[in-house]
Amino acid sequence: MERSHAALERFDERTPLIYRKPIELPDDVHQWIAGWGGSSLFLTGAIGVGKTHTAWRTCRRWLEAWYAPSRPWSGGPDIRTFRSTALFDALRPDGPDEIRRTLVTELQKCDLLFIDDLAAAKASPWTQERLFEIFDERYINRRPVIVTCDVLPTELSDITGPRVSSRLAEMCGDSVVLLEGDDRRKGVAA
Ligand SMILES: Nc1ncnc2c1ncn2[C@@H]1O[C@H](COP(=O)(O)OP(=O)(O)OP(=O)(O)O)[C@@H](O)[C@H]1O
Ligand SMILES: [Mg+2]
């Protein structure tokens, strides 16, 4: 259909170049997509195993599924994607209040929120509070989040604060996917 074609094209345009390449997704990820965001998805594993690539391709498959003919039409979805470092920066107390408030509201409401590398930077107490606002609203409304991270949800407490890590652990439930293997970047030079 026209609508889906245009939406997928727009999504590809904003996908970082190397993550546009189709890859095979783990079965657990296919199951998560089929479950329609009844839960959130947590992709974990060592450096370079493919967490970020898997997450971008998962968002795209999720978007394709949104446009499936069997699904009642409810308007194009709002998918937000952030590196945690950029997100934490955007939530800082400096800068205009209103812009930050708008961002928090958008991230509470969007149809799918993908945060890459959640353990990459530590959030300040202020940022932890903003993260709490975002995650709590998504938690109570069962709105899906995709997180990539090199530690488990239960080990995120120092970074996000305990209230966010506790919610995230419940939101992801069984959908914590460990990617295994070697650092794929090391294989490239060979
Ligand atoms: N399933 C896959 N098939 C082929 N190449 C892949 C696959 N997954 C990832 N890659 C490639 O491997 C490299 C590392 O992937 P990616 O950046 O997703 O790793 P990561 O786990 O997010 O690493 P980091 O922990 O450093 O953020 C990239 O070049 C990516 O395109
Ligand atoms: Mg990554």
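Presented here is an overview of the structure given in this document. (Residues numbered from 1 in each chain as written. Chains lettered and ligands numbered in written order. Predicted model: local features only at pLDDT ≥ 70, side-chain atom pairs only at ≥ 80, totals over all residues. Heavy atoms only, no water.)

Here the focus is the overall build of the chain. Tallying secondary structure elements over the chain gives nine helices and five strands in all. Each helix (α) and strand (β) of the chain, taken in turn from the N terminus, gives the series α-α-β-α-β-α-α-β-α-β-α-α-β-α. Over its C-alpha trace the chain gives a radius of gyration of 16 Å, about what one expects of a compact globule, namely 16 Å for 190 residues. Considered along the principal axes of its C-alpha atoms, the chain spans approximately 45 × 40 × 30 Å. Among the 190 residues that make up the chain, the fraction classed as buried is 44%. (Helix = DSSP H or I, 4+ residues; strand = E, 2+ residues; numbered from the N terminus. Rg over C-alpha atoms; globule rule 2.2 N^0.38 Å. Buried < 20%, exposed > 50% of the residue type's maximum accessible area, 1.4 Å probe, protein only.)

Along helix α2 (residues 27-34), the residues that are buried comprise Val-29, Trp-32 and Ile-33. Projection of α2 onto a plane perpendicular to its axis shows the buried side chains occupying an angular sector of 100 degrees, all on one side. Opposite the buried face of α2, at more than 90 degrees from it, the exposed residues are Asp-27, Gln-31 and Ala-34. On its buried face, α2 is in contact with β1 (41-44), α3 (51-66), β3 (112-116) and β4 (145-149). Positive backbone phi, at 55 degrees, marks Trp-36, one or two positions downstream of α2. (Arc of directions from axis to C-beta. Contact = heavy atoms within 4.5 Å.)

This brings us to the packing of helix α1 (residues 2-14) against α3. Two quantities define a packed helix pair, namely the angle between the helix axes and the distance between the axes. In contact at an axis separation of 10 Å, α1 and α3 are set at 170 degrees when each is read in the N-to-C sense. Here α3 runs roughly antiparallel to α1, going by the angle between their axes. When α1 is examined against α3, the residues Ala-7, Leu-8, Phe-11, Asp-12 and Arg-14 are found in contact with a partner set consisting of Trp-56, Cys-59, Arg-60, Leu-63 and Glu-64. Across the contact of α1 with α3, the residue classes tally to six nonpolar, no polar and four charged. (Axes fitted to C-alpha atoms, helices over the stretch in contact; angles between N-to-C directions. Parallel < 35°, antiparallel > 145°, perpendicular 65-115°, else oblique. Nonpolar A, V, L, I, M, F, W, Y, C, P; charged D, E, K, R; others polar.)

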